[in-house]
Amino acid sequence: MEFIGIQKTFHFIQTNMANREEIFPLLCPIREADWIDGWEYNMIHSKSGLIEKNCVFSTPNHGNLETIWQVIHYNKDTYSIEFVRVTPRETIVKISIQLESISNFKTRSIISYQYTGLNESQNKKIESSLEEEFIASMNYWENALNHYLKTGKKLLKNQAYYLKS
């Protein structure tokens, strides 16, 4: 029997307390280490040394496999970025982020994650528990980014529980 991966997309809107010109450069594997507790990456390819279209990097995964990321769209003028993230034999995730100005000091971050399962276990996870994990991750991301924008310091994950999203 041939395997068929399911696909499901989750959306989240964050409110970030800075202008999009300040936020957009922070959506980079190098800069994320400044504000995401525990963030690790390995830059595989970048002409500029920072994020750009066709930039490729990897991150550790919960198992033994590395997750490979490629930037498939990057536009500083429209404040939009898209990644494809592949964890072999597990999932493929397309991530889209669009920053919209609310005011000089506030940005709406529109985030979409499209998950495709590469095995039956991941199909079940996508159908059952992934949405809760996605929402928790997006809430932490919003709190961590806003904390960094306000203080210039990284929000530790154990501190995040005390913040409201």
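Sequence order as written defines residue numbering, which begins from 1 separately in each chain. In view of the model being predicted, local features appear only for residues whose pLDDT reaches at least 70, and side-chain atom pairs are presented and counted only at 80 or more, with totals across whole chains, interfaces and linings using the full set of residues. Working from all heavy atoms in the structure, the side-chain values ignore hydrogens and water.

Looking at the sheet that holds strand E5 (residues 80–87)
(1) Moving on: Here we have seven strands laid out as an open sheet, ordered E1-E7-E6-E5-E4-E3-E2, and antiparallel in their pairing. Unpaired on one side and paired on the other, strand E1 (7–16) and strand E2 (42–45) mark the two borders of the sheet. Ignoring strand direction, the axes of neighbouring strands in this sheet form an average angle of 20°.
(2) Moving on: Pairing analysis gives 12 bridges linking strand E6 (residues 91–103) to strand E7 (residues 106–117), with the strands arranged antiparallel. Bridging from a neighbouring strand, isoleucine 97 pairs with isoleucine 111 of E7.
(3) Moving on: Packing against the sheet, helix H3 (residues 120–128) makes contact with E1, E6 and E7, and its axis sits at approximately 140° to E7. Strands are treated as partners if at least two bridges between them are detected by DSSP. Numbered from the N terminus, helices here are DSSP runs of H or I no shorter than four residues, and strands are runs of E no shorter than two. Structural elements are reduced to axes, namely lines fitted to C-alpha atoms, with helices fitted over the stretch in contact, and the angle between N-to-C directions of any two is expressed from 0 to 180 degrees. Residues are treated as being in contact if the distance between any of their heavy atoms lies within 4.5 Å.

Points about the nonpolar core
(1) Moving on: Within this scheme, the nonpolar core is defined by two criteria: the residues are buried Ala, Val, Leu, Ile, Met, Phe, Trp, Tyr or Cys, and they are joined through side-chain atoms within 4.5 Å. Only protein chains enter the accessibility calculation, which uses a 1.4 Å probe. A residue is then buried if its area is under 20% of the maximum for its type, exposed if over 50%, and partly exposed in between. Counting 37 residues, the largest nonpolar core has Trp35, Phe83, Ile97, Tyr113 and Trp141 as its most contacted members.
(2) Moving on: At the level of secondary structure, the elements contributing two or more residues to this core comprise E1, strand E4 (66–75), E5, E6, E7 and helix H4 (130–151).
(3) Moving on: With nine residues, the top contributor of residues to this core is H4.

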